[in-house]
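The lines below spell out each chain.
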Amino acid sequence: MLKPILLVEDNPHDLELTLIALEKSQLANEVIIARDGAEALDYLLCRGQYTQREAGNPAVVLLDLKLPKVDGLEVLKEIRNTPQLRSIPVVMLTSSKEEQDLLRSYELGVNAYVVKPVDFEEFVRAIADLGIFWAVLNEPPPGSYRYVRPPAL
């Protein structure tokens, strides 16, 4: 069974371009869309509207940096601080070229930091390469697929 790709993007234009690029790469992975950091965390932690989703972590999280509610760095920090999520590859996919964003992302454990190309064809190529690498070629650690829900309080 193919693991989904979690795409966390609030900009409708960037979201559409990323979906087109992933489609052009012909990946068979389902793409789950979260439009803010809080929704992404709800998905990852199987809470809120995602309490009944099929258990399991995504193949990769494509994470925008500047997000409403909870920003990308906070989402990344939560992923790396949660044992069941820690091994998920996270790619910061952003328009920010600020050195502090880049440094902070790596300090928090991002796997890759990709600045969104302005040119559409470059963007499609970059997203296709990311999708193929993280969803197909990358070999995750053994046992990293299942997310076990914490016991109810």
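Everything below is about the structure printed above this text.
Residues numbered from 1 in each chain as written. Predicted model: local features only at pLDDT ≥ 70, side-chain atom pairs only at ≥ 80, totals over all residues. Heavy atoms only, no water.

Engineer: What exactly am I supposed to notice about the layout of surface pockets here?
Structural biologist: One way to see where empty space is left: roll a probe the size of a water molecule over the atoms. For the largest pocket, the calculated volume is near 180 Å³. Looking at the lining of the largest pocket residue by residue, the class counts come to 8 nonpolar, 3 polar and 4 charged. (1 Å grid on protein atoms, 1.4 Å probe; cavity = no way out; pocket = protein on both sides within 12 Å on 5 of 7 lines; lining within 4 Å. Points joined across faces, edges and corners; volume = space filled by probe spheres on them. Nonpolar A, V, L, I, M, F, W, Y, C, P; charged D, E, K, R; others polar.)

Engineer: Help me understand the nonpolar core, please; the structure alone is not making it clear to me.
Structural biologist: Taken as a class, soluble globular proteins show a tendency for nonpolar side chains to be buried jointly. Membership of the largest hydrophobic core comes to 25 residues, with the highest contact counts inside it found for Leu6, Val8, Leu44, Val61, Leu63 and Met92. Those elements that provide at least two residues to this core are strand 1 (5-8), strand 2 (31-34), helix 2 (37-44), strand 3 (60-63), helix 3 (72-81) and strand 4 (90-94). Of all hydrophobic cores here, the second largest spans 17 residues; its members include Leu22, Leu62, Leu93 and Ala112. (Core = buried A, V, L, I, M, F, W, Y, C linked by side-chain atoms within 4.5 Å. Buried < 20%, exposed > 50% of the residue type's maximum accessible area, 1.4 Å probe, protein only. Helix = DSSP H or I, 4+ residues; strand = E, 2+ residues; numbered from the N terminus.)

Engineer: Sorry, what's going on with the pattern of salt bridges here?
Structural biologist: Considering all chains together, one arrives at 5 salt bridges under this definition. When the shortest N-O distance is used, the salt bridge between Asp36 and Lys69 registers 3.7 Å. Taken together, the residues Asp36 in the loop between strand 2 and helix 2 and Lys69 in the loop between strand 3 and helix 3 connect sequence positions 33 residues apart. Look at Asp36 and you get buried, because its relative accessible area is 10%. Note that Arg47 is salt-bridged to Asp42, the shortest N-O span being 2.7 Å. Of the residues examined, Arg47 reaches a relative accessible area of 37% and is grouped as partly exposed. Look at Asp42 and you get partly exposed, because its relative accessible area is 23%. (Salt bridge = Lys/Arg side-chain N within 4 Å of Asp/Glu carboxyl O.)

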